[in-house]
Amino acid sequence: MISAFANSFKVPELRSRILFTLAMIVIVRIGTSITLPGVDPAVLGEWINNKAGDNASGAAQVAALLNIFSGGGMQNVAIFALGIMPYISASIMLQLLTAVWPPLSKLAREEGGRQKITQYTRVATIVLCVFQATLLAQSLADPGQNYLMAGLQDAIDRLGGRPLVPNYGIGFVFTSVITITAGTMLMMWLGEQITERGIGNGVSILICVNIVSDLPGALIQVWQTFVGSEKADPKSAFTLVLLMGFMIIVIAGVIALTQATRRIAITYAKRVVGRKVYGGQTQYLPLKINYSGVMPIIFAQAILLFPSTILASLFKDVNWVQKLALYMSSGWVYYVASALLIFFFSYFWVATMFQPTQISEDLKKSGGYVPGIRPGKPTADFLDFTMSRLTFAGAIFLTGLYVMPGIVSSLMQISSSAAQFFGGTSLLILVGVVLDVMRQVETHLLQSHYDGFLKKGRIRGRVDRLQQGTRTMDATTLVWMWVGLAIIVLVGVVYKLTIQ
């Protein structure tokens, strides 16, 4: 595998793509560190240096998740404070509308329709940016009321009441909205450039980099909690080792279930065209267990957490509203509602995106059929029934992964930002993006007659059309590869604990 990384820089095209991607990443990381004009950096520095670990409530999880997705830009009140999330939100809305609204569905099938939908997505991104940037700029006047900046008011009090924005006014709000909107649109353009001239999907790469950028800080927080604090003892060090081992198991499970598919055998009838015989072989239709990916978790969080936060902010003096907001953002009611919403949106996403009738018609036109199932409606019913059972298993997996950060944060008394790496949205995105980049790099290596990451196999999901008879690497082999890398890190942690 090490030779594969070395060979990546021997292929001129692949080397230029990797270097271009790294250059774009550097630009994004610089943008997340540049504070908005008019914001006092001394107050921000005092807040960041003395920020205490947050709790495991729903609002704290949302704050940690948004800060991770922005790569720390939200915490730094930077020009990239919103990150790429407005573009992601607009893309999701347009994608759902395309699936359920006939005019957009018809437009998507027309020539040039996808380009028009892309333009609509960019316009929707600007609208979302202006709206969210306005709320963010207005909240800077009273940071104590912004749950995303918990503890900032304490930092202001420690500095003798020094305001975060010394000259707050309409001019500051206008300048901040323009700057933040321009920053998000710049990130969107950088993502498109990475997709075209770099390696991997640009938007996914930017989100992944922002998530990884928060990992060192999370590791430092966990280390200080179990080893660096005054209450640390040998049992705390042993607990830290167990926690790292548990994280390895969670990552291995996410990789296995992300790659897991149910293969449906498809047999094609023989056809004689001239002197050539087509068909007669068996191929497979892969159906993913986690077909909806991370979308059900995002929708469940949006429905439960954001309304509760808005209610708590608008009706501070109404007792029953505060209790309702508390139930919607923490406790067993929150987790039960989250599980039900994840199941609902898992089936909703499959119902809108997976079209068994169309697949059945395409198979019938190409002369393919499922052995033992009649073509047409019986095939569509079989695919729908199979996908329903797979979706149930995938929804259970997503529910367990979603509640894992809250459980770890409550039991181990670590911050929500550190617990995000034990499950949830960030871990799913991180694993998916890394696997996709590895597939693309391996494809370039195979085209240049180099070995991939493993000599005896190929990363599952990438069909090797260059060499006949090449086996695909199963999920077990891929899991063990990641476990091996994680064990190396774990050995280093144990060694550090031993020499302390």
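A brief look at the structure comes next. (Residues numbered from 1 in each chain as written. Predicted model: local features only at pLDDT ≥ 70, side-chain atom pairs only at ≥ 80, totals over all residues. Heavy atoms only, no water.)

## Observations concerning the overall build of the protein
Working step 1: Assigned secondary structure in the protein consists of 20 helices and five strands.
Working step 2: Evaluated residue by residue, the protein yields a buried proportion of 45% over its 500 residues.
Working step 3: Considering only contacts in the protein between residues 6 or more positions apart, those separated by 24 or more positions represent 72%.
Working step 4: Total accessible area computed for the protein in this model is approximately 25,800 Å², and 63% of it derives from carbon and sulfur atoms. (Helix = DSSP H or I, 4+ residues; strand = E, 2+ residues; numbered from the N terminus. Buried < 20%, exposed > 50% of the residue type's maximum accessible area, 1.4 Å probe, protein only. Contact = heavy atoms within 4.5 Å. Areas by Shrake-Rupley, 256 points an atom, 1.4 Å probe, with all protein chains shown as cover.)

## Notes on helix α10 (residues 202–213)
Working step 1: With twelve residues, α10 extends 16 Å between its outermost C-alpha atoms, agreeing within 8% with the 16 Å of an ideal straight helix rising 1.5 Å per residue.
Working step 2: The buried count for α10 comes to nine of twelve residues, which makes it a mostly enclosed element.
Working step 3: Of all the residues in α10, the buried ones are G202, V203, I205, L206, I207, C208, V209, N210 and I211.
Working step 4: The backbone nitrogen of V203 has a side-chain oxygen 3.3 Å away, supplied by the residue at the start of α10, namely N201. (Expected span 1.5 Å × (residues − 1). Polar contact = N/O pair within 3.5 Å; in protein donor to acceptor, adjacent residues only side chain to side chain.)

## Some details on the sheet that holds strand β1 (residues 261–268)
Working step 1: The strand order across the open sheet built from three strands is β4-β1-β5, with neighbouring strands paired in antiparallel fashion. Each end of this open sheet is capped by a strand with a single partner; those strands are β4 (282–288) and β5 (368–369).
Working step 2: Relative to β4, β1 is paired through seven bridges, and the arrangement is antiparallel. Directly across from T267, in β4, lies its bridge partner T282. (Pairing = 2+ DSSP bridges.)

## Details of the side chain of T258
Working step 1: With respect to the helices and strands, T258 occurs in helix α12 (residues 234–259).
Working step 2: For T258, a relative accessible area of 13% corresponds to the buried category.
Working step 3: Within the structure, T258 has its side chain in polar contact with the backbone oxygen of V254 (distance 2.6 Å).
Working step 4: T258 has contacts with K288, L428 and V431, leaving out every residue within four places of it along the chain.

## So, a nonpolar patch on the surface
Working step 1: On the surface, L97, V100, W101, F344 and F348 cluster together into a nonpolar patch covering about 490 Å² of accessible area.
Working step 2: Elements that contribute at least two residues to the nonpolar patch include exactly α5 (85–100) and α15 (331–353).
Working step 3: Relative to the assigned elements, F348 resides in helix α15.
Working step 4: Residue class for F348 comes out partly exposed when judged on its relative accessible area of 30%. (Patch = residues over 30% accessible without salt bridge, like charges linked within 9 Å, V, L, I, M, F, W, Y side chains within 5 Å. Salt bridge = Lys/Arg side-chain N within 4 Å of Asp/Glu carboxyl O.)

## A word on the pairing of β1
Working step 1: Bridging between β1 and β5 involves two bridges; their strand directions are antiparallel. Considered in β5, the bridge of T267 is made with Y369.

## Observations concerning the packing of aromatic side chains
Working step 1: A complete count under the given rule lists six aromatic pairs for this structure.
Working step 2: On the numbers, 5.8 Å between centres and 55° between planes, the contact of Y168 with F172 is tilted.
Working step 3: The class of Y168 is partly exposed, set by a relative accessible area of 35%.
Working step 4: Summarising the aromatic geometry, the rings of Y291 and F354 are spaced 5.8 Å apart at their centres and angled 80° between planes, so their arrangement reads as edge-to-face. Of this pair, Y291 sits in the loop between β4 and α13 (295–314) while F354 sits in the loop between α15 and α16 (356–365), placing them 63 residues apart in sequence.
Working step 5: A residue is classified by how much of its surface remains accessible, and F354, at 6% relative accessible area, is buried.
Working step 6: These aromatic residues form a ring-pair network of at least three members: F344, F345 and F348.
Working step 7: Here the basic side chain of R263 rests over the ring of Y284, its NZ or CZ set 4.1 Å away from the ring centre. (Phe/Tyr/Trp six-rings, centres within 6.5 Å; stacked < 30°, edge-to-face > 60°. Lys NZ or Arg CZ within 6 Å of the ring centre and 35° of its normal.)

Nothing here speaks to function; it is all geometry.
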